Amino acid sequence: EAVQLLHLGKEENCKVVTDPRSSKCHLAIKTFPDEVYNTEWDVIMIDAPTGYKAELPGRMTAIYTAGLLARNKRFGDTDIFVHDIDRWVENKFSMDFLCEGYWKEEVGRIRHFTIPSHRGGVERPFCP
């Protein structure tokens, strides 16, 4: 489903920065406990769910949702780390939804992004 989800993520409703619970994007995870959405995250590490076999869920929605949580933060940046970027899903989804323009570094199989808040009156495109 990764290719289909990648195409869905290109739709305009997936470029709207909002609380994931009210997002119209099919990639947004809406079932986390409220504490996840209400926390102002400084660091997010994406290393789940498992996705090394076709029948496993993969990290497509986790990557997209982490990006929304970071953009929806009231102030400041969020550092997001994605593990296993040597795999197609982690590589492609992180570059498309955490955005190549926010990519800071890569060490081994971990890629680091720093995503600024998209709130507070500053107009920013979803990806720079």
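What counts as what
Residues numbered from 1 in each chain as written. Predicted model: local features only at pLDDT ≥ 70, side-chain atom pairs only at ≥ 80, totals over all residues. Heavy atoms only, no water. Helix = DSSP H or I, 4+ residues; strand = E, 2+ residues; numbered from the N terminus. Contact = heavy atoms within 4.5 Å. Polar contact = N/O pair within 3.5 Å; in protein donor to acceptor, adjacent residues only side chain to side chain. Disulfide = S-S within 2.5 Å. Buried < 20%, exposed > 50% of the residue type's maximum accessible area, 1.4 Å probe, protein only. Phe/Tyr/Trp six-rings, centres within 6.5 Å; stacked < 30°, edge-to-face > 60°. Lys NZ or Arg CZ within 6 Å of the ring centre and 35° of its normal. Pairing = 2+ DSSP bridges. Axes fitted to C-alpha atoms, helices over the stretch in contact; angles between N-to-C directions.

Draft legend 1. Here's a closer look at the environment of Asp42. Structurally, the position occupied by Asp42 is in the loop between α2 (34-38) and β1 (43-46). Separated by 44 residues in the primary sequence, Asp42 and Asp86 have C-alpha atoms spaced 25 Å apart. Here Asp42 is in contact with Lys73, Asp77, Thr78 and Asp79, once residues within four sequence places are set aside. Here Lys73 takes part through its side chain, which lies 2.7 Å from a polar atom of the side chain of Asp42.

Draft legend 2. Structural detail: the state of the cysteines. Applying the stated criterion to the full structure yields 2 disulfides. Bridging Cys14 to Cys25, the disulfide has an S-S length of 2.0 Å. On the S-S bond that ties Cys14 to Cys25, the torsion sits near 90 degrees, and the link is right-handed. One end of the pair, Cys14, is in the loop between α1 (2-8) and α2; the other, Cys25, is in the loop between α1 and α2, with 11 residues separating them in the sequence. The pair Cys14 / Cys25 is uniform in exposure class, with both members buried. Paired through a disulfide, Cys99 and Cys127 show a sulfur-sulfur distance of 1.8 Å. Taking the sign of the torsion about the S-S bond as the criterion, the disulfide between Cys99 and Cys127, at about -65 degrees, is left-handed. With a gap of 28 residues between them, Cys99 in helix α4 (residues 88-99) and Cys127 in the segment after β4 (110-116) connect regions that are remote in the sequence. Accessibility expressed as a relative area gives 27% for Cys127, which makes it partly exposed.

Draft legend 3. Main features of the side chain of Lys73. With respect to the helices, strands and loops of the structure, Lys73 is situated in the loop between α3 (60-71) and β2 (77-83). Classification of Lys73 as buried rests on a relative accessible area of 6%. Beyond its immediate stretch of four places on either side in the chain, Lys73 contacts Glu40, Trp41, Asp42, Thr78, Ser117 and Arg119.

Draft legend 4. Just the packing of aromatic side chains, in detail. Enumeration according to the criterion identifies 5 aromatic pairs in this entry. Site record: aromatic cluster; members linked through ring pairs are Tyr64, Trp88, Phe93, Phe97 and Phe126. If you follow Lys10 out to its NZ or CZ, it ends over the ring of Phe97, 5.9 Å from the centre. A cation sits over an aromatic face here: Arg71 above Phe126, 3.7 Å from the ring centre.

Draft legend 5. Highlighting the sheet that holds strand β3 (residues 103-107). Taken together, 4 strands build an open sheet; the order of strands is β1-β2-β4-β3 and the sheet is mixed. For this open sheet the edge positions go to β1 and β3, each flanked by a neighbour on one side alone. Recorded for the sheet is a direction-independent mean angle of 20 degrees between the axes of neighbouring strands. Pairing of β3 with β4 involves 4 bridges; the strand directions are antiparallel. Bridged to Glu106 within β4 is Arg111.

Draft legend 6. A look at the pairing of β4. Judged by how many residues are buried, β4 sits mostly within the fold: 6 of 7 residues are covered. Summarising the sheet, β2 and β4 pair through 7 bridges and their orientation is antiparallel. Pairing of Asp77 across the sheet is with Pro116, part of β4. Taken together, β3 and the strand that follows it, β4, pair antiparallel across an intervening segment of 2 residues, in which Gly108 is found at a positive phi of about 60 degrees.

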